[in-house]
Amino acid sequence: MKNHDRLVLVTVIAFGLAMRAPIVTIPLIIDQLARQLKTAVGNLGILTTIPLIMFLLFSIVVAKEMTRFGLRRALNFGLTALVLGALLRLDVAWPMLLLGTVLVGLGITHLNVLTPSVVATYEPNHTAFYTTAYSLAIMVGSSVFSLLTHPLSSTFGWWSVLVVLLMLTMFPWLMWILFKLPVPVRSQAKHADNQSVKSIHEPDLKTTAAPLWQNRYAWCCLLMFGTQSLINYTLVAWLPELMRFNGISGGQISIVLAMYSAAGMPVSLLLPRFLETATHRSQIVMSIVVGLLTLLAAVLMFWQSSMPLVYWYYLSIITGAMTAFYFIMALTTFPLKTISPARTAQLSGLTQSGGYLIASFGPALYGLAFKSSPLGIMQIWCFAIVIALCTLASFVVIKMPKI
């Protein structure tokens, strides 16, 4: 591996580490934050919802931002917003906490949308490998921080968690700002016709392809991404509270949440290469297996109050693997099945904007249902229906041609 390739690898890993941990860690210290702010825990659900709203509002905007100002400038802005947001959250007062969370959401939106374009631009011949690297980093970052949160807050106080999150966001910022990646010659040759090199530095990149909103495959990609995000962010926001209601201790909750994130690691290692080389039939069979195993977890939830601790491990592992499976399928689809880095950003932006619109309803609606009936049958049926929709949408995405 050449020095340039190593630098790209470290950069996308840094991006991945910062993509989820600043969001999934907050629910684990939500009780302490509520006491500090002298408010009810339920009022802090907005801290999980705000990033989703930012993903929803700005995913398409970020794709257009790249087209107008170039990939480098767009990422400069996003990474700076991420660091500034993490810094503002150290002042645990409502205005700074809310503004900081808005900026964190805006920064992560840039990483979500533009990292596939970084891979498509700098490593067009090794898409699966670099997608594996940053998707694995996403899982590692989420899992490690879920494990560290309880001992960190117990030993040094809950505020130390926010300090460590600030340090985490500074890593990708330093990598991108200080080490200006040159575009490799092979990338320039490969994308000379579609102006991918221009998309890094210059505005006004044009594409002659039809608008993505007219493409049914893009809509199915959006549905698959949105339903897995709905499951993911609803579980991240409310699984700890649901487990507390069922008598699970705080230490065990941290372990279960860490297993939820860790379950995606083997998926992120193996899936991109599998999607690149396997037949459509093999991919559909794999999707059916994942969907059925997750449906089993949903069915068992009808008896959650009498379930042993091992059930919560099963629920976290299988749903973690399921959301990782469809999330990484989408990440791999963006560069593999688009004709240029600019088109990659457009598909990524459309999919994530619409997908997070779907996901943004999850935590709030579940919160309302949880308050009226923590063990409610309605939530479980909705869980099962969303799993089925995600699995069905994946069948169309698997057969998706280049767009």
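Note that this is a predicted model, so its numbers are computed, not measured.

Honestly, the overall build of the chain in this entry has me stumped. Any pointers?
Counting its regular elements, the chain contains 17 helices and zero strands. A compact globule built from 403 residues would reach a C-alpha radius of gyration of about 22 Å, and the chain, at 20 Å, matches this within 12%. Its C-alpha atoms put the chain at 60 × 50 × 35 Å along the principal axes. Here the chain holds 403 residues, and the buried ones make up 60% of them. Roughly 16000 Å² of accessible area belongs to the chain as shown, and the carbon and sulfur atoms make up 71% of that amount. Positive and negative side-chain charges in the chain, numbering 24 and 10 respectively, have mean positions lying 5 Å apart.

Mind showing me how you'd approach the packing of aromatic side chains here?
Two numbers describe a pair of aromatic rings. These are the distance of the centres and the angle of the planes. In this structure the tally under the stated criterion is 16 aromatic pairs. Ring centres of F55 and Y356 lie 4.4 Å apart, and the angle between their planes is 50°; this geometry places the pair in the tilted category. Placement of the pair is F55 in helix α4 (residues 46-69) and Y356 in helix α16 (residues 341-372), with a sequence separation of 301 residues. Neither residue differs from the other here; F55 and Y356 are each classed as buried. Among the aromatic residues, ring-to-ring pairing joins F55, F225, Y233, F327 and Y356 into one connected group. Its end group placed over the ring of W176, R72 keeps NZ or CZ at 4.3 Å from the ring centre. Looking at R216, its charged tip hangs above the ring of Y217, at a distance of 4.4 Å from the centre.

Looking at this structure, how should I read the pattern of salt bridges?
Where charged atoms of side chains with opposite charge meet at close range, the side chains can pair. Tallying each qualifying case throughout the model produces two salt bridges. The partner of E241 in a salt bridge is R244, with the nearest N and O atoms 2.9 Å apart. Linking E241 with R244, this pair stays in helix α11 (residues 216-245), spanning three residues, or about one helical turn. Residue E276 pairs with R273 through a salt bridge whose shortest N-O separation is 2.9 Å. Residue E276 and its partner R273 are located together in helix α13 (residues 264-277), separated by three residues, close to a single helical turn.

Even after reading the chapter, I still don't get α16, so can you show me in this structure?
One turn of the α-helix equals 3.6 residues, which is why residues spaced by three or four share an orientation. With 32 residues, α16 extends 47 Å between its outermost C-alpha atoms, agreeing within 8% with the 46 Å of an ideal straight helix rising 1.5 Å per residue. In terms of residue burial, α16 counts as a mostly covered element, since 23 of its 32 residues are buried.

Before we go on, may I ask you to explain the confidence of the model for the chain in this structure?
Low-pLDDT portions of the prediction should not be read for the details of their coordinates. When pLDDT is averaged along the chain, the result is 84, and 92% of the positions lie at 70 or above. Counting contacts from residues 186-199, a segment whose pLDDT is below 50, to residues more than four positions away or on other chains yields 32 contacts. Under a pLDDT of 50 for its full length, residues 201-208 has, in the predicted model, 21 contacts with residues more than four places off or in other chains.

Would you mind going over the packing of α11 against α16 with me for this structure?
For any two helices packed against each other, one specifies the crossing angle of their axes together with the interaxial distance. Close contact between α11 and α16 brings their axes to 7 Å; oriented N to C, the two are set at 30°. With respect to α16, the element α11 is oriented roughly parallel. With respect to the hand of their crossing, α11 and α16 are arranged in right-handed fashion.

When you look at the side chain of S316 in this model, what are you seeing that I'm missing?
For S316, the position within the fold is in helix α15 (residues 309-336). Residue classification places S316 among the buried residues on the basis of a relative accessible area of 0%. A polar atom in the side chain of S316 sits 2.9 Å from the backbone oxygen of Y313. Apart from the residues lying within four places of it in its own chain, the contact partners of S316 are V256, M259, Y260 and A263.

Help me out: how do you make sense of the environment of F325 in this one?
Looking at the secondary structure, you find F325 in helix α15. Since its relative accessible area comes to 5%, F325 is described here as buried. When the C-alpha positions of F325 and I23 are compared, they lie 20 Å apart, and in sequence the two are 302 residues distant. In contact with F325, other than residues within four places in its own chain, are V267, L271, M286, S287 and V290.

Got a minute to help me understand helix α12 (residues 250-262) in this structure?
The terminal C-alpha atoms of α12, which comprises 13 residues, lie 18 Å apart, in line with the 18 Å expected from a rise of 1.5 Å per residue. Among all positions in α12, only I253, S254, V256, L257, A258, Y260 and S261 are buried. As for α12, its buried residues are in contact with α7 (127-156), α11, α13 and α15.

What is the right way to read the packing of α15 against helix α17 (residues 377-398) from this model?
For the pair α15 and α17, the least separation of the axes is 11 Å and the interaxial angle reads 30°. What the angle tells us is that α15 and α17 run roughly parallel. The way α15 lies across α17 gives a crossing that is left-handed. Residues L315, T319, M322, Y326, M329 and T333 of α15 lie in contact with α17, whose contacting residues are F383, I387, C390, T391, S394, V397 and I398. Of the residues in the contact of α15 with α17, the class split is nine nonpolar, four polar and no charged.

Calculation criteria
- Along each chain, residue indices are assigned from 1 in the same order as the chain's sequence is written.
- A pLDDT threshold of at least 70 governs which residues receive local features in this predicted model, and a stricter bar of 80 or more applies before side-chain atom pairs are shown or counted, although totals over entire chains, interfaces and linings include all residues.
- The side-chain numbers reported here are obtained from all heavy atoms of the structure, hydrogens and water having been left aside.
- Put simply, DSSP H or I for four residues or longer makes a helix, DSSP E for two residues or longer makes a strand, and each gets a number counted from the N terminus.
- Here the globule rule is a power law, 2.2 Å times the number of residues to the power 0.38, and the radius of gyration is based on C-alpha atoms.
- Between buried and exposed lies partly exposed: a residue is buried under 20% and exposed over 50% of the maximum accessible area for its type, with that area taken using a 1.4 Å probe on protein chains only.
- Only the protein chains shown count as cover for residues, and all accessible areas are computed by the Shrake-Rupley method using a 1.4 Å probe.
- As used throughout, the charge tally considers Lys and Arg to be positive and Asp and Glu to be negative, leaving His and the chain termini uncounted.
- For this purpose, a charge sits on NZ of Lys, CZ of Arg, CG of Asp or CD of Glu.
- We call Phe, Tyr and Trp rings a pair once their centres come within 6.5 Å, taking the six-membered ring for Trp, and we label the pair stacked below 30 degrees between planes, edge-to-face above 60, and tilted otherwise.
- Either the NZ atom of lysine or the CZ atom of arginine qualifies as a charge over a ring when it sits within 6 Å of the ring centre and within 35 degrees of the ring normal.
- Each salt bridge in this description consists of a side-chain nitrogen of Lys or Arg and a carboxyl oxygen of Asp or Glu lying within 4 Å of one another.
- To estimate how far a helix should extend, the number of its residues minus one is multiplied by 1.5 Å.
- pLDDT gives the predictor's per-residue confidence on a scale running from 0 to 100.
- By definition, residues are in contact when any of their heavy atoms lie within 4.5 Å.
- Angles here are taken between N-to-C directions and fall from 0 to 180 degrees, while the axes themselves are lines fitted to C-alpha atoms, restricted in helices to the stretch in contact.
- Angular relationships are summarised with four words: roughly parallel below 35 degrees, roughly antiparallel beyond 145, roughly perpendicular across 65 to 115, and oblique for the angles in between.
- Whether a crossing is left-handed or right-handed is set by the direction in which the near helix is turned from the far one by less than a right angle, anticlockwise for left-handed and clockwise for right-handed.
- By the criterion applied in these results, polar contacts are pairs of N or O atoms within 3.5 Å in which, for protein atoms, one can donate a hydrogen and the other can accept it, and in which residues neighboring in sequence qualify only through two side-chain atoms.
- Residues are sorted three ways: Asp, Glu, Lys and Arg are charged, Ala, Val, Leu, Ile, Met, Phe, Trp, Tyr, Cys and Pro are nonpolar, and all the rest, Gly among them, are polar.

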